[in-house]
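Observations on the three-dimensional arrangement
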Amino acid sequence: MPETKLKSLHVGKSISDLKEQYNISEAIKGKKAKMLCLTAHRVYDEAGKHRLSGDEEMSYIFYMKYLTIVTMIQGSDEYKKDKEYVVKMLGKDNVNVAMNMAEKLSESLEQRYKLMKEQEEIEEVQRAQEQREAEEELKRNQVKIEKPADDTRLVNGMPGENEVSISSSQLYSLLKDNKTNILILDSRPASCYAESHMNIGNCINVPEEIVKPGASAAALEKSLPSDSKSAWSKRRDADLVVLLDWSTSGKTLQQGTNLYTLKNILLKWDPGIIYKTDPLILEGGYEDWLLTYPMHSTNPHVKPPIKDKHSGLDDLLDDVEYPNILETANLVPLPLVDRSSKPHAIRRGSASADKMNIGRMIPVDSVSGGQPRVTGSSSDRTGNVAKPVVDRGSKAAVLQMYEERSRLLSEMLNAKENKSQELEAVKVKAEKDWEILRMNKEKEADEEIVRLLQEKEEKLLREISQLKERQQTEVVEKQHLKEQLEQFKKMHEEEMKKLQNQNKVAEAKDEEERKKLVKEQEEQRERERKASEERQRVKDAARAKKLEEEKRKEKDRERQEHDKGTYYTQLRSDMPSSSSMKRSHSSPNIAQMMDELDLDAKHKAPHFDRTIKPLQKPQPSDIKAARQRNFNAVYGNMGGRGLTGLKNLGNSCYMNSIIQCINHTTPLAFYFCEGVYREDVNHNNSTRGEVAEEVAAVVRALWCGQYRSIACRDLKIVVGQHRKQFQGYEQQDSHEFFTILMDWLHEDLSKQTRNSPLKEASNENMSPADRAWEKFQRSNESLIRTLFYGQQKSSVRCCKCGEESVTFEAFSDLSLPIPISSNKCSLAECMKLYLNGERISGWNCPSCKEKREAIKKFDILKLPPILVIHLNRFYHDGWWRKRQAYVDFPFSMDMRQYTLVPNQRYGSYNLYGVSNHYGTMEGGHYTAYCKNSTYCKWFKFDDHEVSEISSNEVRSGAAYILFYASIEYKVPGNS
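To keep things clear, this report deals only with the structure shown in the data block. All values reported here derive from a predicted model rather than from experimental measurement.

**Structural notes on the overall build of the protein chain**
When you go through the protein chain residue by residue, the secondary structure sums to 28 helices and 26 strands. Across the protein chain, every contact between residues at least 6 apart in sequence was considered, and the portion connecting residues at least 24 apart equals 69%. Just so you have it, the protein chain exposes about 61,000 Å², and 51% of that area is on carbon and sulfur atoms.

**With respect to the sheet that holds strand S9 (residues 645–646)**
Across the sheet, which stays open at both edges, the three strands sit in the order S8-S10-S9 with mixed pairing between neighbours. Sheet topology places strand S8 (634–635) and S9 at the edges, where each strand pairs with a single neighbour. The strands that helix H23 (residues 690–703) touches are S9 and strand S10 (707–710); relative to S10, the one it contacts most, it runs at about 155°.

**Points about a nonpolar patch on the surface**
A surface patch of nonpolar side chains, amounting to about 290 Å² of accessible area, comprises Met-496, Leu-499 and Tyr-729. Mapping Met-496 onto the fold places it in helix H18 (residues 474–564).

**Notes on the packing of H23 against helix H25 (residues 734–748)**
Where H23 meets H25, the axes come as close as 8 Å, and the angle between the chain directions of the two elements is 105°. The angle between H23 and H25 falls in the class roughly perpendicular. For the pair H23 and H25, contact is made by Glu-690, Val-691, Ala-692 and Val-695 and by Leu-741, Trp-744, Leu-745 and Asp-748, respectively. Grouping the constituent residues of the contact of H23 with H25 by class yields six nonpolar, no polar and two charged.

**Here we look at unusual backbone geometry**
Phi angles above zero are rare outside glycine, and Asn-632 is one such case at about 50°. Within the secondary structure, Asn-632 is located in the loop between helix H20 (620–626) and S8. Owing to a relative accessible area of 42%, Asn-632 belongs among the partly exposed residues under this scheme. Phi angles above zero are rare outside glycine, and Lys-849 is one such case at about 60°. Here Lys-849 shows up in the loop between strand S15 (838–844) and strand S16 (851–862).

**Some remarks on the nonpolar core**
Within soluble globular proteins, side chains that are nonpolar tend to cluster in buried spots. Counting residues in each nonpolar core, the largest one holds 95 residues, and the members touching the most others are Phe-672, Phe-788, Ile-869, Met-895 and Tyr-964. The element that contributes the greatest number of residues to this core is H23, accounting for ten residues. Dropping the residues within four chain positions of it, Phe-788 is found in contact with Thr-665, Leu-668, Phe-738, Met-742, Phe-811, Ser-812, Pro-864, Ile-866 and Val-868.

**Thoughts on the pattern of salt bridges**
Considering all chains together, one arrives at 20 salt bridges under this definition. Of the charged contacts in the structure, one is a salt bridge between Glu-463 and Lys-104, with a shortest N-O distance of 2.3 Å. Of this pair, Glu-463 sits in helix H17 (residues 395–472) while Lys-104 sits in helix H7 (residues 94–141), placing them 359 residues apart in sequence. With a relative accessible area of 21%, Lys-104 lands in the partly exposed category. One salt bridge in this structure joins Glu-526 and Arg-529, with 2.4 Å as the shortest N-O distance. Linking Glu-526 with Arg-529, this pair stays in helix H18, spanning three residues, or about one helical turn. Residue Arg-529 is classed as partly exposed on the basis of its relative accessible area of 31%. Residues joined by salt bridges that share partners form a network here, namely Glu-526, Arg-529 and Glu-533.

**Considerations on the pairing of strand S26 (residues 959–966)**
For S26, the tally of buried residues reaches seven of eight residues, placing the bulk of the element in the interior. Here strand S17 (residues 866–872) runs beside S26; their pairing, made up of five bridges, is antiparallel. For Val-868, the partnering residue across the bridge sits in S26 and is Phe-963. Judged from the seven bridges that link them, strand S22 (residues 908–919) and S26 form a sheet pairing that is antiparallel. Each bridged residue has a counterpart across the sheet, and for Gly-913 the counterpart in S26 is Phe-963.

**Considering the packing of aromatic side chains**
Applying the stated rule across the entire model yields 22 aromatic pairs. Measuring from centroid to centroid gives 6.0 Å for Tyr-22 and Tyr-60, while their planes differ by 85°, and the two rings are edge-to-face. Here Tyr-60 lies in helix H4 (residues 56–74) and Tyr-22 lies in helix H1 (residues 15–22), a separation of 38 residues in the sequence. Residues Tyr-22 and Tyr-60 agree in their burial class; the two are buried. The interplanar angle of 25° and the centroid separation of 6.1 Å between the aromatic rings of Tyr-654 and Phe-726 together place this pair among those described as stacked. Here the residue Tyr-654 occupies a position in helix H21 (residues 653–663), and Phe-726 occupies one in the loop between helix H24 (713–722) and H25, the gap between them amounting to 72 residues. Grouping residues by exposure puts Tyr-654 and Phe-726 together as buried. Clustering of aromatic rings is evident, with ring pairs tying together Phe-738, Phe-788, Tyr-912 and Phe-963. Lying across the ring of Tyr-729, Lys-716 places its NZ or CZ 5.2 Å from the centre.

**With respect to helix H13 (residues 285–292)**
Looking at H13, one finds that the buried residues are Gly-285, Tyr-286, Trp-289 and Leu-290. Seen along its axis, H13 keeps its buried residues to an arc of 160°; they face one direction.

**Brief notes about the pairing of S16**
A regular strand carries its side chains on alternate faces of the sheet. Two elements, strand S11 (residues 790–798) and S16, share eight bridges in a ladder whose sense is antiparallel. Bridging across to S16, Ser-795 finds its partner in Lys-857. Examined bridge by bridge, S15 and S16 share five bridges and lie antiparallel to one another. What sits directly across from Arg-839, in S16, is Ile-855. Hairpin connection, S15 to S16: the antiparallel pair is bridged by six residues, and Lys-849 has positive phi, about 60°.

Cut-offs and rules
- Residues numbered from 1 in each chain as written.
- Predicted model: local features only at pLDDT ≥ 70, side-chain atom pairs only at ≥ 80, totals over all residues.
- Heavy atoms only, no water.
- Helix = DSSP H or I, 4+ residues; strand = E, 2+ residues; numbered from the N terminus.
- Contact = heavy atoms within 4.5 Å.
- Areas by Shrake-Rupley, 256 points an atom, 1.4 Å probe, with all protein chains shown as cover.
- Pairing = 2+ DSSP bridges.
- Axes fitted to C-alpha atoms, helices over the stretch in contact; angles between N-to-C directions.
- Patch = residues over 30% accessible without salt bridge, like charges linked within 9 Å, V, L, I, M, F, W, Y side chains within 5 Å.
- Salt bridge = Lys/Arg side-chain N within 4 Å of Asp/Glu carboxyl O.
- Parallel < 35°, antiparallel > 145°, perpendicular 65-115°, else oblique.
- Nonpolar A, V, L, I, M, F, W, Y, C, P; charged D, E, K, R; others polar.
- Buried < 20%, exposed > 50% of the residue type's maximum accessible area, 1.4 Å probe, protein only.
- Core = buried A, V, L, I, M, F, W, Y, C linked by side-chain atoms within 4.5 Å.
- Phe/Tyr/Trp six-rings, centres within 6.5 Å; stacked < 30°, edge-to-face > 60°.
- Lys NZ or Arg CZ within 6 Å of the ring centre and 35° of its normal.
- Arc of directions from axis to C-beta.

Printed below as a string of structure tokens:
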């Protein structure tokens, strides 16, 4: 299989850099779906070409462009109307292939960008190291002005340029002066540092065990003790860096020692850090500091480690026994010579040469007569020196012994030099090995990348082969899909016919039930009438019998009094009498008896049987209200009245949300539950009162407290009969449903439409606004108008001539705009934006007689008892979109500040309901948050599920419609 050579990265340095190349959303916005499909094909083919050429960056960009176009197509109206056709134009499998390829290319590019970044960092470190070495080489090659050898003074308080060490006294002076930023690196073992260390200045521990040849400063920092890392990170700011161990001296610092390695790391393997001066070695180390300044150490009684005296070259030289020429040759002591003029003798810089205390042997001079000559001392340079007596026979033995000792010393020096060279060679070899290892690792990494890319290429080629095989079966699959679509259409038509037949059967059953109910009601009234007549006859017979019994008793009483004899009684005060004579009761008082009979007849009230009423024909509202509805109820309640859920009948959550908010509108719920609405039902309009009856039935069921959930199927059927868009099972806008439902309820409960005459306003001095409101009230008399409707002024003013047109409108809700550039705003900001007005074009100015630009503005004049606020989240800019901004709305507010008339009857409002919308234009869900007036608590109504929530959960970014009730409005009959 041929290998595809990958092109080098040339577009960006990360995946985010490529995003700018494929972000084409704004460029294709508003274009038709068919045109976008053609563009998508070209982009898809271009992505494949770049992939085959090895240009992963351009291939990834074109695949992402393709997916961006597909996303835009899927959000178009054409896609929603004919999804199958658009998918066919795009290619069934192209989208999946593009997604897979984009994902794989993204992974490959991320790995390649990561490797490129690491390579750049390594090259940057190498360049910095090379530059640093070049600077050091240049510094070494520069001609420096020589200073006297004994110049050890401080320059501006700091050691001179050529100094490699600093004494304890110099360091103490700088620390005491406190003008120099000094960092002291104590490289003794961590245990020794913990036992005793300097307690003055900025001293940290760099343990001996972590200082290793070849390590970098960054690696060293990772191994530092935690209390040393802070000071280590500030090393670039130090004016002077001092290194110390137990006893090392800067003048004798040797390669391979701990301090040598640490100094080498700081100078050569600390990229990015430029020290102000080279690090200095503390002369004599911490041992010298303890002897000099024990009071400035944490433990002055610590004992330094014992040193091996035979380990160094100097110690070896000290053990050499030099020959005593005076004893061997019996020579006279000669003065010391000028050491700078030695021609061939052994030269030593140590104190061992001074210990010999011998003169320098010189050749025989002819001037002195063949006798040896010595150079005079500093005190005697005249050349007049006494000639020593020499035993010339012992000269050969002395010279042989001297030569052997000289040879031994030379061999020791050569061995030491060879060892140093070997160590240097080992170091150079180690550095070369490390460089070779690094290059091998880079090569291995490159080979691994190539291998991975080859595997991916092979995998892609296999996928292409599979795609070709699948393409061969595409015709068969399309045919199969067409057959399935035809079957689905037939099944759908059959289901629709079946549903229509079921509806007809249900309507016929309802009509039969209605007739049966009317007949039963007529029979019931007839039975009640007959029963009432029978009860009246029984009452009349009992009353007549009682009257006869009273008359009989009266006659018996009079007869008994008559049998006893004559008696007298005082005359009635209302009858005229001229004397005080008393009448005898021996004979009856006929006149008085007649008067009493007349009075009884005069004051006796007539009797009516009020149970007997004329038989009336039942009204349709009575039949509808009495009809049994099947709510498909689930019995049981979560805790009280008004807390019943509504089942979802197929994307009917928009209706459930609005019904729950209406159900918690207290005046309206009382109106329906108490049956007061029946007196206002109007059967002469288009909906014949059916909507009001169904809404009332649902509200009563929700407040009966018996059900956990119900299905308002009858209400949905009635609503669908009067508006086709609500017949099916598609998602609808809850605000549109609310507006239409309010109009239907107003018409069903309107009193004015029942042939009541309209009267003109009696007060001719009313303002235009008051006259418009009076006219609206007279022509629209219903509880819906009373609760939900207010008045606003709409004015349009010409921007050219200032001509203004004013109309007065009634509103049932305020539709407030949301600021475009804000992700969070307040309800007050939306209200101000609504009242500020907007510029419109194409207004026919009555004064200019032309179309002009104008300012359209709304002003609120009258506020209703129930204020409904709609947050206008959906807008159209070529595509329907939703603003997801969070709107902060209050629980209580005063609306008088937003009206032209401050003395409003209703102005203070409390929130009691929220209709929420979650999702986008493509799909979403409606819920409701309502405050129950019985329990004064907030509840969430999510279709059939009802749960209590806290007031903190009511505010959310999903709020769509807000319901406020005026605290000044009192519910009639529910005070």
